[in-house]
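Single-letter residue listing:
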Amino acid sequence: MSLAKYMEDNIKQADDRARELYEYNEYMDERYPRSAPREPQEERDEKEERARARVEAELIAAREEERQAESKRQTQNKGQTKKRAKEKQSCPDDPFACPKRGRLEYLPNRNELCLYINQRMPKSWLKALCENGWHWNKYWKCWIAKNSERTSKFAQMFLRGSK
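The written sequence of each chain sets the order in which its residues are numbered from 1. The model is predicted, so local features are restricted to residues of pLDDT at least 70 and side-chain atom pairs to those at 80 or more, both for listing and for counting; the totals for chains, interfaces and linings are taken over all residues. The side-chain values count all of the structure's non-hydrogen atoms but skip hydrogen atoms and water molecules.

Asks: So what's going on with the packing of aromatic side chains? Residues and values would help.
Replies: Aromatic rings from Phe, Tyr and Trp, taking only the six-membered ring of Trp, are treated as a pair when their centres fall within 6.5 Å; an angle between ring planes under 30 degrees marks them as stacked, one over 60 as edge-to-face, and anything in between as tilted. Applying the stated rule across the entire model yields 3 aromatic pairs. Taking the centre distance of 5.5 Å and the plane angle of 65 degrees together, the rings of Trp 136 and Trp 143 count as edge-to-face. Working definition: with a 1.4 Å probe on protein chains only, accessible area under 20% of the residue-type maximum means buried, over 50% means exposed, and in between means partly exposed. Using a relative accessible area of 44% as the deciding quantity, one classes Trp 136 as partly exposed. Judged by relative accessible area, which is 8%, Trp 143 ranks as buried. A ring pair is formed by Phe 154 and Phe 158, whose centres lie 5.6 Å apart and whose planes are at 25 degrees; its orientation type is stacked. Pair noted here: Phe 154 and Phe 158 are both in helix α4 (residues 149-160), with a separation of 4 residues, about one helical turn. The pair formed by Phe 154 and Phe 158 is uniform in burial state, with each residue classed as buried. A network of ring pairs unites the aromatic residues Trp 125, Phe 154 and Phe 158 as a single cluster. Lys 100 extends its terminal NZ or CZ atom over the ring of Phe 158, reaching a point 4.4 Å from the ring centre. Across from the ring centre of Tyr 116, 4.1 Å away, lies the NZ or CZ of Arg 103, which sits over that ring. Under the scheme used here, helices are H or I runs from DSSP no shorter than 4 residues and strands are E runs no shorter than 2 residues, and both carry numbers assigned from the N terminus. By definition here, charges over rings are those cases where NZ of Lys or CZ of Arg is within 6 Å of the ring centre and within 35 degrees of the ring normal.

Asks: Quick one: what's the story with the packing of helix α3 (residues 123-131) against α4, residue by residue and with numbers?
Replies: The description of two packed helices rests on the angle between their axes and on the distance between the axes. Between N-to-C directions, angles span 0 to 180 degrees; the directions come from axes that are lines fitted to C-alpha atoms, helices contributing only their stretch in contact. The contact between α3 and α4 brings their axes to 11 Å, and the two run at 160 degrees. The pairing of α3 with α4 is recorded here as roughly antiparallel in orientation. Crossing handedness for the pair α3 and α4: right-handed. Residues Trp 125, Ala 128, Leu 129 and Glu 131 of α3 pack against Arg 150, Phe 154 and Phe 158 of α4. Note on residue classes: Ala, Val, Leu, Ile, Met, Phe, Trp, Tyr, Cys and Pro are nonpolar, Asp, Glu, Lys and Arg are charged, and everything else, Gly too, is polar. Here the residues of the contact of α3 with α4 sort into 5 nonpolar, no polar and 2 charged. In this scheme, roughly parallel covers angles under 35 degrees and roughly antiparallel covers those over 145, while 65 to 115 is roughly perpendicular and the rest are oblique. Crossing chirality is assigned from the near helix's rotation relative to the far helix, an anticlockwise turn below a right angle marking it left-handed and a clockwise turn marking it right-handed. In what follows, residue pairs with any heavy atoms lying within 4.5 Å of each other are defined as contacts.

Asks: Outline the sheet that holds strand β3 (residues 135-137), listing residues and values.
Replies: Backbone-to-backbone hydrogen bonds join strands into a sheet, with any given pair of strands oriented parallel or antiparallel. A sheet is described by the order of its strands in space; here 4 strands give the open sequence β1-β2-β4-β3, paired in antiparallel fashion. Two strands bound the open sheet, and with one partner strand each, they are β1 (102-107) and β3. Each strand of the sheet is rotated relative to its neighbour by a mean of 30 degrees, with strand direction disregarded. Any two strands between which DSSP finds at least two bridges are classified as paired. Pairing geometry for β3 and strand β4 (residues 142-146), over 3 bridges, is antiparallel. The partner of Asn 137 across the bridge, within β4, is Cys 142. Lying over the sheet, α4 contacts β1, β2 (112-117) and β4, oriented at roughly 15 degrees with respect to β2.

Asks: Explain the nonpolar core to me, and be specific about the residues and the numbers.
Replies: In this structure, Leu 115, Met 121, Leu 129, Trp 134, Trp 143, Phe 154 and Phe 158 are the most contacted members of the largest nonpolar core, which totals 16 residues. Where this core is concerned, the elements lending two or more residues are β2, α3, β4 and α4. Among the elements that make up this core, the one with the highest residue count is α4 (4 residues). Setting aside anything within four residues of it in sequence, one finds Phe 154 in contact with Phe 96, Ala 128, Leu 129, Asn 132 and Trp 134. In plain words, nonpolar cores are sets of buried Ala, Val, Leu, Ile, Met, Phe, Trp, Tyr and Cys residues tied together by side-chain atoms within 4.5 Å. The next biggest cluster of nonpolar side chains, apart from the first, holds 5 residues, and it includes Leu 107, Cys 114, Tyr 116 and Ile 144.

Asks: I'd like a rundown of unusual backbone geometry, residues and numbers included.
Replies: Within the chain, Asn 111 stands out as a residue other than glycine whose phi angle is a positive 55 degrees. Among the secondary structure elements, Asn 111 is positioned in the loop between β1 and β2. With a relative accessible area of 35%, Asn 111 lands in the partly exposed category. Even without being a glycine, Lys 141 presents a positive backbone phi close to 55 degrees.

This is the structure:
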């Protein structure tokens, strides 16, 4: 077989195969029509760019909201810190100068008084409690003393803030 005849046969086979594929594609297009023609590459790129820009804008907005919320939290914390500082400054060293936030309880089964105080106390107040027979109970987180007339009067005066 000559080279020319061989090339002719290959070209004919390729043409037949191309024709078959073309007919098959037409058949498939008729049987399963496409919903919309394919967009040109430029339009697809443009749509992707718009979608990317929209996502970036949403991300920037979310970050801005987060920053605003954080700054709001910080200003609230600053306010609380100032308030706490004010409370600390407003506590005079004299334990009987101002009323305290707390309560006094009696435990009849142990014949003891429990003094619960819900605020920070300066060292002078703690010293006054210790000098008058009170001690700190780590388990109950309160000041405890044996029930006597002296300790109950001291506790009432200590909570009221008057001598």
